[in-house]
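Residue strings, one per chain:
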Amino acid sequence: MQDQINENLKKIETWKRIIFMLIYALIDSMVKLILWMVIFLQVGSVLLTGKTNPNILEFGRNLSTYHYHILLFLTFSTEQLPFPFSGWNVTTDLELLDKN
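These lines cover the structure that appears in this document, whether it is placed above or below.

The rules behind each value
- Residues numbered from 1 in each chain as written.
- Predicted model: local features only at pLDDT ≥ 70, side-chain atom pairs only at ≥ 80, totals over all residues.
- Heavy atoms only, no water.
- Helix = DSSP H or I, 4+ residues; strand = E, 2+ residues; numbered from the N terminus.
- Buried < 20%, exposed > 50% of the residue type's maximum accessible area, 1.4 Å probe, protein only.
- Contact = heavy atoms within 4.5 Å.
- Areas by Shrake-Rupley, 256 points an atom, 1.4 Å probe, with all protein chains shown as cover.
- Salt bridge = Lys/Arg side-chain N within 4 Å of Asp/Glu carboxyl O.
- Axes fitted to C-alpha atoms, helices over the stretch in contact; angles between N-to-C directions.
- Parallel < 35°, antiparallel > 145°, perpendicular 65-115°, else oblique.
- Left-handed = near helix turned anticlockwise from the far one by under 90°.
- Nonpolar A, V, L, I, M, F, W, Y, C, P; charged D, E, K, R; others polar.
- Expected span 1.5 Å × (residues − 1).
- Polar contact = N/O pair within 3.5 Å; in protein donor to acceptor, adjacent residues only side chain to side chain.

Comments concerning the overall build of the protein chain
Scanning the protein chain from terminus to terminus reveals four helices and zero strands. When its helices and strands are written in sequence order, the protein chain yields α-α-α-α. Here the protein chain holds 100 residues, and the buried ones make up 24% of them. Pairs at least 24 residues apart make up 57% of the contacts formed inside the protein chain by residues separated by at least 6 positions. Total accessible area computed for the protein chain in this model is approximately 7,300 Å², and 68% of it derives from carbon and sulfur atoms.

Take a look at the structure:
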């Protein structure tokens, strides 16, 4: 059992993933802050104009999808690195889950 633990601790791939997870945890906290700003901007738009702003709506949708992709990576649901270490992928399907 101890040998297996030692072997697991020596895997470079695992340590690389942990470093990426720390990076994405920081990025995710910034994304959450920006999402709250988008929420407040959209509420302000609705209060002032009576309708949602389509530009803010699209940006919020894309940012929410990006947040989702980060969470998939952080929870080990996918091995695909989100942006900026891969392309900006704003698909909303569960395609990432099928790749594992």
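Picking up where we left off.
Structural notes on the pattern of salt bridges
Evaluation of the coordinates by the stated rule reveals three salt bridges. Among the ionic pairs, E79 bridges to R17, the shortest N-O distance being 3.2 Å. On the criterion of sequence distance, the pair formed by E79 in the loop between α3 (54-74) and α4 (95-98) and R17 in helix α2 (residues 12-49) is long-range, its members being 62 residues apart. Residue R17 is classed as buried on the basis of its relative accessible area, which comes to 9%. For K32, the salt bridge is made with D28, and the minimal N-O distance between the two is 3.6 Å. Taken together, the residues K32 and D28, both in helix α2 and four residues apart, mark about one turn of the helix. Judged by relative accessible area, K32 falls into the partly exposed class, the value being 44%. Judged by its relative accessible area of 5%, D28 is buried.

Quick look at the packing of α2 against α3
Following both chains from N to C, one finds α2 and α3 inclined at 155°, their axes separated by 9 Å at the closest point. The orientation of α2 with respect to α3, classified from their angle, is roughly antiparallel. The two elements α2 and α3 cross, and the hand of that crossing is left-handed. Looking at the contact of α2 with α3, its residues break down into 19 nonpolar, four polar and three charged.

Comments concerning α3
Taking 1.5 Å as the rise per residue, α3 with 21 residues should run 30 Å; its terminal C-alpha atoms sit 30 Å apart, in good agreement. Listed in full, the buried residues belonging to α3 are I56, G60, N62, L63, T65, Y66, H67, H69, I70, L72 and F73. Sitting at the head of α3, N53 places a side-chain oxygen 2.8 Å from the backbone nitrogen of N55. Where α3 ends, the next residue or the one after it, F76, has phi of about 65°, a positive value.

Worth remembering: the numbers are spatial, not functional.
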